Amino acid sequence: MIALSAPTFDINGHMVSTNAAALPLNIGRRARRVATLDGGAVLVDGGYSAADQTFELQIPDPDGAHHRAIHRLMQYHSTAVLSCSQGCYLVLLSALRPDEGQTLVTAEVLEVV
């Protein structure tokens, strides 16, 4: 189950799908490797943050109603609240694509709500 809603009151700013899936695309740590002058390397580990996650939402949408609702959320709100089995997140909806009876949405996590 997935629910998307506007972070502030909006009578039409919501979408709920009981058959949808939220697939994590990337989960990682804030780490980087820096080369040193002596030929070695220094690893800087900034730790883990939920804000480094991106979800691919796969929403069954045979009549296009979910696509229209999410498109409206993207038009009128810079962020949305995503509720799924993994948790509740404030997200940026960065991509919306129809795909043969379903809607695909890329949601970039900003923070855990």
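The model shown is predicted, which means the values in this text are computed figures rather than measured ones. (Residues numbered from 1 in each chain as written. Predicted model: local features only at pLDDT ≥ 70, side-chain atom pairs only at ≥ 80, totals over all residues. Heavy atoms only, no water.)

Visitor: Residues and numbers for the side chain of E56, please.
Guide: Take E56: it is sitting in strand 6 (residues 54-60). Relative accessible area serves as the criterion here: at 11%, E56 is assigned to the buried category. A distance of 2.6 Å separates the side chain of E56 from the side chain of R97, its partner in a polar contact. Within the structure, E56 has its side chain in polar contact with the side chain of T106 (distance 3.3 Å). (Helix = DSSP H or I, 4+ residues; strand = E, 2+ residues; numbered from the N terminus. Buried < 20%, exposed > 50% of the residue type's maximum accessible area, 1.4 Å probe, protein only. Polar contact = N/O pair within 3.5 Å; in protein donor to acceptor, adjacent residues only side chain to side chain.)

Visitor: Could you give me a rundown of the sheet that holds strand 3 (residues 21-26), with the residues and numbers involved?
Guide: Spatially, 7 strands are ordered 2-1-7-8-9-6-3 in an open sheet, and the strand pairing comes out antiparallel. Looking along the sheet, the strands with just one partner apiece sit at the ends: strand 2 (14-17) and strand 3. Adjacent strand axes in the sheet meet at a mean angle of 30°, parallel and antiparallel pairs treated alike. The pairing of strand 8 (residues 87-99) with strand 9 (residues 102-112) spans 10 bridges and is antiparallel. Along strand 9, the bridge assignment pairs A95 with T106. On top of the sheet, helix 1 (residues 65-76) reaches strand 1 (2-5), strand 2, strand 6, strand 8 and strand 9; it is set at about 120° to strand 8, its chief contact. (Pairing = 2+ DSSP bridges. Axes fitted to C-alpha atoms, helices over the stretch in contact; angles between N-to-C directions. Contact = heavy atoms within 4.5 Å.)

Visitor: Break down the environment of P60 for me, with residues and values.
Guide: Its location among the elements puts P60 in strand 6. With near-sequence residues (within four places) excluded, P60 lies in contact with S17, N19, A20, H66, G101 and Q102.

Visitor: Mind laying out the packing of aromatic side chains, listing which residues take part and the relevant values?
Guide: Tallied over the full model, the rule gives 1 aromatic pair. Aromatic pair F55 and Y89: ring centres 5.3 Å apart, planes at 45°, arrangement tilted. Placement of F55 in strand 6 and of Y89 in strand 8 is noted, with a sequence separation of 34 residues between them. Look at F55 and you get buried, because its relative accessible area is 0%. (Phe/Tyr/Trp six-rings, centres within 6.5 Å; stacked < 30°, edge-to-face > 60°.)

Visitor: An account of the pattern of salt bridges is needed here, citing residue identities and associated values.
Guide: Under the definition given, this model contains 3 salt bridges. One salt bridge in this structure joins D10 and R72, with 2.7 Å as the shortest N-O distance. Separated by 62 residues along the polypeptide, D10 in the loop between strand 1 and strand 2 and R72 in helix 1 bring together distant segments of the chain. Judged by relative accessible area, D10 falls into the buried class, the value being 16%. Salt-bridge contacts for R30 lead to D52; the nearest nitrogen and oxygen are separated by 3.0 Å. In this pair, R30 sits in strand 4 (residues 29-35) while D52 sits in the loop between strand 5 (41-48) and strand 6, placing the two residues 22 residues apart along the sequence. (Salt bridge = Lys/Arg side-chain N within 4 Å of Asp/Glu carboxyl O.)

Visitor: Residue-level account of the pairing of strand 2, with values.
Guide: Taking every second residue as pointing to the same face, the buried face of strand 2 carries M15 and S17, while none of H14 and V16 on the other face is buried. Here strand 1 runs beside strand 2; their pairing, made up of 4 bridges, is antiparallel. Bridge pairing in strand 2 places L4 opposite M15.

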